[in-house]
Amino acid sequence: MAAGLKRQNQEKSPVKEKLLPRKLIAPALIFSIVLTQVPFLVTIYFSLMEWNLLKPQEKAFAGIDNYIYVFQTGDLLPAIIATVGLTAFSVICSLLVGLFFAVLLDRKFRGQSVARTLIITPFLIMPAASALIWKFSMFDTNIGIINYIVQKLGFSAIGWSTQYPYISVIILLTWQYAPFMMLILLSGLQSQSREVLEAASVDRAGIWRTFAFITLPHLRQYTEIAILLGTIMLLQAFDPVAIMTKGTGGTKTLAYLLYERAFVGMNVGQAAAYGVVTVILTIIVATISLRSLFKVFISGVNK
Amino acid sequence: MRSTKAILITGMTWIIAVTYFFPVAWMFINSFKSENDAASLTPKFVFKPTLESFSRLADRGMIDYLTNSLMASVISTSVVLILAIPAAYALSIRPIVKVQDALFFFISTRFMPAAASILPLFIIFKNLRVLDNIFALSLVYAAMNLPIAIWMMRSFLSEVPQEVIEASRIDGANFETELWSVVLPIVLPGIAAVALICFIFSWNEYFFSVLLTSANAKTTPPFLASFVDGRGQFLAVLSAASTVAALPVILAGWFAQKQLVRGLAMGAVK
C-alpha cells in the first residue's frame with residue numbers, strides 16, 4: 001500500500017502538486033488503520049495468551065493452545081455452517097422476493113410510489129426493533145399474529161423462534177433486506193432500453209420469453225451488485241441472532257459464538273482465536289467475491 | 001380484457017404491499033394500546049387509544065438514550081465527512097496511481113467482521129477509561145462507516161464534469177478554491193446522501209453499543225432490547241419505544257428514496 005503511494009506518476013508538476021493526493025488520503029487511511037487494522041493485530045496477540053477475565057492473575061503465554069482448542073472442540077464447524085447457511089439463504093430469498101417486488105412495481109399504476117414506499121419501509125426500521133417486533137408481535141405463541149392466523153386455519157400454534165429458530169431468522173432477514181434488493185433491481189429494470197422491449201413485442205415474443213431472454217440478462221450486473229452488498233450486510237447480521245434466538249437451533253454464527261466466548265465466558269484468549277480464524281475465513285471469501293465483482297463498481301453499470 | 005388483467009395485477013400489488021408493511025403498521029397500532037389490549041389473544045383493531053406507553057417511555061429515560069444515539073450519529077457522521085471528502089477527492093478528481101488498491105483496502109475493512117476488532121477495542125477502551133463513553137463509540141462508528149462513505153463520495157465526485165474543473169484551474173484557482181467553491185457545490189446532494197446513510201447506520205447500530213457502553217453512553221437499540229427481560233406484559237411499551245426509535249430513519253428514508261438507493265449501491269447504480 002505505502003509502496004504503491006510512493007510510486008507516483010512521472011508528471012512534470014511541482015512537488016507540492018504531487019504530494020497533495022497523498023496528504024488528502026492520509027488522514028482517512030491512518031484513521032482506518034488505527035481503528036481496524038491495529039485492533040486486529042492486538043487480537044492476534046491476545047489469541048496467543050491464556051487469559052480469562054474472571055481469573056486475571058493466571059494470565060500467561062499460551063502459544064497455539066487456543067487454536068488447538070478452537071479446532072478440537074466441535075464449535076467452529078457448526079458456526080461456519082450457520083454463518084454461511086443463514087447468509088446464503090437470506091441473500092437468495094431476499095433476492096427472489098426483491099425481484100418479484102421489482103417486477104410488480106416496474107409498471108405504471110395508481111399509487112405506485114406509495115406502494116413502493118410501503119415496501120421499502122422494513123429496510124429502514126432499526127434492525128433491533130424489527131427483531132423484537134417480529135419475535136413478540138408476529139411469532140409469539142400466544143399473541144403473535146402469525147399464530148393467530150395459523151390457529152384460525154385449524155392448526156396448533158407454532159413456537160417459531162424456539163422451535164424453528166433457523167427459519168425464523170431467515171424470514172426476518174428476508175423481510176428486512178428484500179426491499180434493498182428490490183430497489184437495486186428496480187433501477188435495473190427501469191434502465192432497460194424501451195426500443196429493445198418494443199422490438200421484442202413487435203416480434204411477438206411473449207412476456208415470459210422477453211423476461212427470460214432480455215430482462216434477466218440485462219439484470220445480471222445489478223444482481224451481482226445486490227448479492228455483493230447484501231452479503232456484506234447480512235454476513236455481519238448479529239441483532240436477530242442475539243435478540244431472537246440467542247444462538248439456538250443452528251443459528252450460532254461466528255459473530256455470536258465469539259461474543260459468547262468473550263462476553264459471557266470472559267475468555268479473551270479463546271475468543272481472540274475465534275476472531276482470528278473468522279477474519280482469515282472472511283478474507284478468503286471477500287477476496288474471491290470482491291476481485292470478481294470489482295470491475296462493475298469501478299466502471300459503473302451504465303457506462 | 002387487457003385492462004381487467006391490469007386491474008387484477010394492480011390489486012394484487014396493493015395487497016402484497018400492505019401485507020408486507022403490516023408488521024410496521026402493527027407496531028405503530030400497538031404503541032397506542034394499553035398493555036392489556038396489546039396482549040389480547042384475539043388481535044384488537046378497535047380499541048381505546050392511549051398515550052400511556054409513551055409516558056412510560058419518558059419515565060424510563062428514553063430521552064437520554066435518544067440523545068446518546070443522536071450524539072453518536074452526528075459526531076461519527078461529521079468525522080466521516082471530514083475524512084472521506086478529501087480522500088474521495090484524491091481518489092477521483094486527482095487520481096493517484098494505485099487508486100484501485102486504496103479503494104480495495106477501504107472496502108476490505110468493511111468486510112472485516114466487527115468480531116475481529118471488538119475484543120481489543122473493549123480492552124483498550126477499558127484501560128483508557130473510555131468504555132461507556134459516547135465519543136469513543138462515535139469514533140468506532142466513524143471507522144465502520146468510513147469505507148462506505150469514501151466509495152459513495154468517490155462515485156458522486158467522479159460525475160463532476162472534467163471541463164468545469166479544468167476551467168477553474170485555467171482561471172488560476174488553487175486547490176482550496178477548486179474543492180470548496182467549484183467541486184463541493186456540485187456534489188452537495190451526494191454529500192447529503194452520504195451523510196444520511198452514515199447517520200442511519202450509526203443510529204441503528206446494536207453490536208458495538210451493547211458491548212462498549214453501559215449506563216452513561218448506551219444508545220437506543222440496546223435500550224429496546226432491555227424490554228425483553230421485563231416481566232409481565234410489555235408489548236405496548238416495546239412497540240411505542242420501537243416506533244419512536246425507528247421513526248426518524250423511516251421518515252428520512254421515505255423523503256430521500258432516490259439518494260438512498262444511489263448511495264447504498266455505492267454509485268454502481270445510476
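Visitor: If you had to explain the overall build of chain B to someone new, which residues and values would you point to?
Guide: When helices and strands are counted, chain B shows 13 helices and zero strands. When the helices and strands of chain B are read in sequence order from the N terminus, they spell out α-α-α-α-α-α-α-α-α-α-α-α-α. Here the C-alpha radius of gyration of chain B, 23 Å, is well above what a compact globule of 270 residues would show, namely 18 Å. Each principal axis of the C-alpha distribution contributes one length, and for chain B these read about 70 × 70 × 30 Å. Across the 270 residues of chain B, 49% fall into the buried class. Considering only residue pairs separated by 6 or more positions, chain B has 79% of its internal contacts joining residues 24 or more positions apart.

Visitor: Could you give an account of the overall build of chain A, naming the residues involved and the relevant values?
Guide: Each helix and strand in chain A was counted, giving 14 helices and two strands. Buried residues in chain A amount to 42% of all 303 residues.

Visitor: Any details on the packing of helix α9 (residues 175-204) of chain B against helix α13 (residues 257-264) of chain B? Residues and values, ideally.
Guide: Residues and elements named next belong to chain B. Contact geometry of α9 with α13 gives a least axis separation of 9 Å together with a crossing angle of 80 degrees. Taken together, the axis directions place α9 and α13 in an arrangement best described as roughly perpendicular. For the pair α9 and α13, contact is made by P189, A192, A193, V194, L196 and I197 and by Q259, L260, R262, G263 and L264, respectively. Classifying every residue of the contact of α9 with α13 gives eight nonpolar, two polar and one charged.

Visitor: Give me the lowdown on the interface of chain A and chain B, citing residues and values where you can.
Guide: The partner chain B presents 79 residues to the 80 residues of chain A that form the contact. For the side of chain A that touches chain B, the element with the highest residue contribution is helix α2 (residues 15-47) of chain A, accounting for 16 residues. A per-class count over the side of chain A that touches chain B returns 59 nonpolar, 17 polar and four charged.

Visitor: Which residues make up the environment of A:V264, and what values do they have?
Guide: Relative to the elements of secondary structure, A:V264 occurs in helix α13 (residues 254-264). With 129 residues separating them along the chain, A:V264 and A:K135 place their C-alpha atoms 23 Å apart.

Visitor: Would you mind going over the nonpolar core in detail, with residue names and values included?
Guide: Of all hydrophobic cores here, the largest spans 163 residues; its most connected members are A:L185, B:A84, B:A87, B:V140, B:A149, B:I150 and B:M153. The contacts of B:A149, once residues within four sequence positions are left out, are B:V80, B:A84, B:V194 and B:C198.

Visitor: So what's going on with α9(B)? Residues and values would help.
Guide: Here α9(B) spans only 37 Å end to end across 30 residues, well under the 44 Å set by a 1.5 Å rise per residue. The principal kink in α9(B), of about 60 degrees, is found at B:L184, preceding the proline B:P185 by one to four residues.

Visitor: Before we move on, can you summarise the domain arrangement of chain B with the specific residues and values?
Guide: For chain B, the assigned domains read domain 1 (2-30) and domain 2 (59-264). Domain 1 of chain B and domain 2 of chain B are separated by 33 Å when their C-alpha centres are compared.

Visitor: Now, about the confidence of the model for chain A: what can you tell me, with residues and values included?
Guide: Low pLDDT means the predicted coordinates in that region are not meant to be read closely. The pLDDT averaged across chain A works out to 84; a share of 89% of its residues lies at or above 70. Across residues 1-12 of chain A, where pLDDT falls below 50, the model places 14 contacts with residues more than four positions away in sequence or in other chains.

Visitor: Could you give an account of the confidence of the model for chain B, naming the residues involved and the relevant values?
Guide: Residues and elements named next belong to chain B. Averaged over all residues, the pLDDT of chain B equals 86, while 94% of them reach at least 70. Model confidence for chain B, summarised as mean pLDDT per element, is weakest for helix α5 (residues 99-111) at 74 and strongest for helix α4 (residues 62-92) at 93. Scoring the predicted complex yields pTM 0.88 and, for the interface, ipTM 0.89.

Visitor: Please give an account of the environment of A:M126 that cites residues and values.
Guide: Here A:M126 is to be found in the loop between α5 (112-124) and α6 (127-138). Sequence-wise, A:M126 and A:S137 are 11 residues apart; in three dimensions their C-alpha atoms are separated by 16 Å.

Visitor: Residue-level account of the packing of helix α7 (residues 134-157) of chain B against α9(B), with values.
Guide: Residues and elements named next belong to chain B. The contact between α7 and α9 brings their axes to 9 Å, and the two run at 150 degrees. Between α7 and α9, the angle falls in the class roughly antiparallel. For the pair α7 and α9, the crossing hand works out as right-handed. For the pair α7 and α9, contact is made by Y141, N145, A149, M152, M153, F156 and L157 and by V183, V187, G190, A193, V194, C198, F201 and S202, respectively. Looking at the contact of α7 with α9, its residues break down into 12 nonpolar, three polar and no charged.

Visitor: A description of unusual backbone geometry should follow, citing residues and the corresponding values.
Guide: All names here are of chain B. In this structure, R129 is a non-glycine residue whose phi angle is positive, near 60 degrees. Tracing the backbone through its elements, the reader meets R129 in the loop between α6 (114-127) and α7. For D132, which is not glycine, the phi torsion reads 65 degrees and is therefore positive. As for its position among the elements, D132 is in the loop between α6 and α7.

Visitor: Go over the environment of A:A60 with me, naming the residues and quoting the values.
Guide: Residues and elements named next belong to chain A. Residue placement: A60 occurs in strand β2 (residues 60-61). On the basis of neighbour counts, which here come to 10 C-beta atoms within 10 Å, the residue A60 falls in the exposed class. As for A60 and L235, which are separated by 175 residues in sequence, their C-alpha atoms are 33 Å apart.

The rules behind the values
Residues numbered from 1 in each chain as written. Chains lettered and ligands numbered in written order. Predicted model: local features only at pLDDT ≥ 70, side-chain atom pairs only at ≥ 80, totals over all residues. Helix = DSSP H or I, 4+ residues; strand = E, 2+ residues; numbered from the N terminus. Rg over C-alpha atoms; globule rule 2.2 N^0.38 Å. Buried ≥ 20, exposed ≤ 12 C-beta atoms within 10 Å, placed from the backbone. Contact = placed C-beta atoms within 7 Å. Axes fitted to C-alpha atoms, helices over the stretch in contact; angles between N-to-C directions. Parallel < 35°, antiparallel > 145°, perpendicular 65-115°, else oblique. Nonpolar A, V, L, I, M, F, W, Y, C, P; charged D, E, K, R; others polar. Core = buried A, V, L, I, M, F, W, Y, C linked by C-beta atoms within 7 Å. Expected span 1.5 Å × (residues − 1). Bend = angle between axes of the 7 residues up to and from the residue. Domains from an automatic or database assignment. pLDDT = per-residue confidence, 0-100. Left-handed = near helix turned anticlockwise from the far one by under 90°.

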